[in-house]
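Structural characterization, general
Each chain is listed here by its residues.
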Amino acid sequence: MTPTVVLVITGIIGLYMAWNIGANDVANAMGTSVGSGALTLKQAIVVAGLLEFCGAVLVGAYVTDTVRKGIVDPVIFASDPNTLIYGMMGALASAALWLNLSSYFGWPVSTTHSIVGAVSGFGILIGGFSAIKWWTMFKIVSSWVVSPVVGGLTGYIVYQVIRKTVIAKDDPGAAARKQFFLWTGLLMFVVSLVTLFKGLKNLKLKLSSLQALALSSGLGVLGMIIGKVLAPRTKWGKDGGEGGLKAMESTFTSLQVVTAATVAFAHGANDVANAVGPMAAVIGTVRSGAVAQKVDVPIWILLLGGAGIVVGLATYGYKVMATIGQKITEITPSRGFAAEFGAAITILLGSKLGLPLSTTHTLVGSVLGVGFARGFRALNMKVVRSIAFSWILTIPAAAGVCIVFFYIFRFIGIVAV
Amino acid sequence: MAWLPNLFAKSPFTPLIAHQRKAQECAEAVPALMAAALAEDYANVAILAKRTSTLEFEADALKTKVRDGLPKGIFMPVSRGDLLGVLEAQDEIADCAEDIGVLLTMRQMEAVPDEVATLITELVEASVRVVQKTTSVVERLDGLVKSSFSGPQVEKLLGLINLVDREEHAADKVQDQLAKAFFRHEDTFKPAAIVIWMKIFRKIGNLANNAERVTRRIRLFLAE
C-alpha cells in the first residue's frame, strides 16, 4: 500500500468511527432534553451539531494526545513504523464495529473504552506488557470509575438544592423565577472555569489559574445579568399543587437546554479523540516516515473528526433520539437540568485533564444521583449491572478484534512508509 | 443509545393506586351484603357474596401486576419493602371484604335485634368511610413523587393521614358499642350464631384497621 492509500483508508475508517460516535452518543447530551420536551428533535440536532463541533475543535486536542501516545509508548514502533500504522487503523476499525454492534443491541457500551482497549491490545501484542504506559492507564481506568461517581454526586447535590429551595416552597413557580439568575450565573461560571482552566490549546490561548478564575467569575456575573433579564414571566398563582410545579418546570426548561448544549460541547471535546487520536498517529507517522514523539494535533484533523460526528448525529442519531423521546416521560426539565449539569461538569473536567471518560457512564451516574435525591419514580439498576458487565467485556473484545484487523491490514499492505 | 429508556423503570405507583381502588370496591360491596343478611334475604346474600369474591380475585390480579413491576433491581424514592408493605395492607382490605361474604353464607342467621342491627350497619358504614379516605391518600402518592416528597403536598398528606386515624378511632368506638349491645342480647343468639357474628364483627373492624395500616405505612415514605 502506498502512503496515499493508507491515508485514504485511515481517513475513511476514522470518519466511520466519528460517525458512530455522533450517531450513538448524541443521545447522551440531548436525550434527556428531548425526553422532557425542552427541545424538539430538530432543535436538538441543530444545537448538538453546533456544540459537538465546537467542543471537538476547541478542547478536543487534550484527550487526543492521550489516546494517540499516552497509552502506548511509541518507542516500541520505532523499528517498524508500519506496525503503528496498521495497529491504529485496526483500533479504529474494531472500535467502530464494536460500537455499531452494541448500539444495534442497545448495550450501554462506551466508545472510549473500546478505543482504549483496542489500542492497548495491539500495544501489548507488539511490545509486550512493558509497552503500555501503566501510569496513564491507571489514571484512565480510575477516571472510568470516578467519573460516574462525580457526575452522580454533582447531580445529587444540584437536585437536592433545587428540591429544598424551589420545589419545597409553597409557590415553586415564583421561587424558580426568583432564583433563575443564580443558576444561569453558576452555570456560566463553572463552564467557563473548566473550559478556560489550562487555557485553550488550539486557539493558542494560555491562561494561568488565577486568570481563568477571574475571567470565569466575570462571565459568571454576565450569566447572572442575562438570567435577570431573561427570567421567564409566568402568571401562575400560589397553589402548592400542580400549577406551581408546572410553572417551575417551564422555568427550568431554558436551563436544561443550556446544560444540554454544554454536555454536547463537553462530549465533542472528550469523544472526538476516540476517532482523531488514532488518525493523528497514522497521519503523523506516514508523513514523517518515522514514529513521531512530539507532534501537535493539527486543527484540520479535529475539524474532520468534528464533521464526522455531526454527520453521524444528523443521519442516525436523529432516529435514535426519536424513539427515546417517545419512551421517556420521566424526565422533567428540573431533573434533566440537574443530571446534565452533573454530567457536563464532570466530562469537561475530564477533557481538560486529558482523561478519556465514558460520557455514557457519566450520564448514567448523574441520572442515578438525581434518583438518589428522590427525583425519579423508578430507576432500573440492571442498567448499572450491564455497564459493569460491559466494562469487563469491552476491553478484551475490542483488543481482540483490533488484533485481528491488525493482521489483516499487515497482510494487505506491504509497506506504507 | 437505546439504553436510556431502559434506565427508567415503569412507575410502581400507578398499579398500586389501581389496586387500592379495587380494594375499595370490595369494601363498598359489604353494606349491601350486610343489609341483605339483616333482612334475611339469603338468596341475595349468596349472589352478593359471590360478587365480592370475584372483586377480590380481580384485586389479586392487580396485586400481581404491582409485584411484577418491582424487580429486585429497581430503585425508587421509597424502599421496595415499604412499598410492598403498603400493598400487603391494601390486600388485607380486599380479603376482609371477601371473608365477610363467606362468613355470611356459612349458615342461615336468625333475626337480629334492632339495636344490634343498627350498630352493625353503623360499623360497616364507618369502616367503609375509613377505606375511602385511605384511597384518597394513596391516590396522592403520584403527586407526591412529582414534588419529590417535598413542599406543601407533604403537609397536606399528613393531614389526610391524621384524618384517617381519627376515623379509624371512631370506627373502633362503634365496634365497642356493638360488642356491648350484642352481649346485652346474648340470650337471643344460638351459640353457633355468636361464633359467626363475633368473627364477622372482627372482620368489619379489620377493614378499618387495615386501611389505617396502609396510611401508617405511607407515613414511612414521608419520613426524611
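This text goes with the structure placed above it.
Along every chain, residues carry numbers that run from 1 in the direction the sequence is written. Chains and ligands are labelled by the order in which they are written, letters from A for the one and numbers from 1 for the other. Thresholds applied to this predicted model are a pLDDT of at least 70 for local features of residues and 80 or more for the giving and counting of side-chain atom pairs; totals over whole chains, interfaces and linings are not thresholded and use all residues.

**Considering the overall build of chain B**
Counting from the N terminus, the helices are DSSP H or I runs at least four residues long and the strands are E runs at least two residues long. Across its full length, chain B carries 9 helices and 1 strand. For chain B, the α and β elements follow one another from N to C terminus as α-α-α-α-β-α-α-α-α-α. Each residue is classified by how many other C-beta atoms fall within 10 Å of its C-beta atom, where C-beta atoms are placed from the backbone; a count of 20 or more means buried, 12 or fewer means exposed, and values in between mean partly exposed. Counting over 224 residues, chain B shows a buried share of 46%. The contact criterion used is a C-beta to C-beta distance within 7 Å, with each C-beta placed from the backbone. Within chain B, contacts between residues at least 6 apart in sequence are counted, and of these 88% link residues at least 24 apart.

**Some remarks on the overall build of chain A**
Across its full length, chain A carries 13 helices and 1 strand. Counting from the amino terminus, helix and strand elements in chain A follow one another as α-α-α-α-α-α-α-α-α-α-α-α-β-α. In this setup the radius of gyration rests on C-alpha atoms only. A globule is expected at 2.2 Å times the number of residues raised to 0.38. The C-alpha atoms of chain A give a radius of gyration of 22 Å, which matches the 22 Å a tight globule of 417 residues would have. Dimensions of chain A, computed from C-alpha atoms along their principal axes, come out at roughly 75 × 45 × 35 Å. Per-residue burial for chain A yields a buried fraction of 61% across its 417 residues. If you take every contact in chain A between residues at least 6 apart in sequence, the share linking residues at least 24 apart comes to 87%.

**Some words on the interface of chain B and chain A**
Between chain B and chain A, the residue contacts involve 27 residues of the former and 34 residues of the latter. For the side of chain B that touches chain A, the elements supplying multiple residues, two or more each, are α1 (3-7), β1 (74-75), α7 (141-146) and α8 (152-184) of chain B. Of the residues forming the side of chain B that touches chain A, the biggest block, 5 residues, is contributed by α1(B). Of the residues assigned to the side of chain B that touches chain A, the class counts are 17 nonpolar, 8 polar and 2 charged. Two strands make a pair as long as DSSP finds a minimum of two bridges between them. Of the pairings in the sheet, the one linking strand β1 (residues 379-380) of chain A to β1(B) comprises 2 bridges and is antiparallel in character. When residues are grouped by polarity, Ala, Val, Leu, Ile, Met, Phe, Trp, Tyr, Cys and Pro land in nonpolar, Asp, Glu, Lys and Arg in charged, and all others, Gly among them, in polar.

**Description of unusual backbone geometry**
Residue and element names in this part refer to chain B. In this structure, Glu-40 takes a positive phi of about 60° despite not being glycine. Assignment of secondary structure puts Glu-40 in the loop between α3 (30-38) and α4 (42-68). The phi angle at Phe-149 is positive, at roughly 60°, despite the residue not being glycine. Mapped onto the elements of the fold, Phe-149 is located in the loop between α7 and α8.

**Focus: helix α9 (residues 191-222) of chain B**
Multiplying 1.5 Å by the residue count of a helix minus one yields the expected span of that helix. Over its 32 residues, α9(B) extends 47 Å from the first C-alpha to the last, a length consistent with the 46 Å expected when each residue adds 1.5 Å. Two axes enter the definition of the bend at a residue: one is fitted to the seven residues ending there, the other to the seven starting there, and the bend is the angle between them. Where α9(B) bends most, the angle comes to about 25°, and this point is B:Asn206.

**Here we look at the environment of B:Leu160**
Residue and element names in this part refer to chain B. As for its position among the elements, Leu-160 is in helix α8. In this structure, the C-alpha to C-alpha distance between Leu-160 and Asn-210, residues 50 residues apart in sequence, is 16 Å. Not counting the four nearest positions on each side in its chain, Leu-160 is found in contact with Ser-136 and Val-137.

**Some words on α3(B)**
For an α-helix the count is 3.6 residues per turn, leaving residues at separations of three or four pointing the same way. Residue and element names in this part refer to chain B. By the burial criterion, the buried members of α3 are Val-30, Leu-33, Met-34 and Ala-37. Looking straight down α3, one finds that the buried residues subtend no more than 95° of arc, so they occupy a single side. Remark: Glu-40 follows α3 within two positions and exhibits a positive phi of approximately 60°. An arc is given here, and it is the one of the directions from the helix axis to the C-beta atoms.

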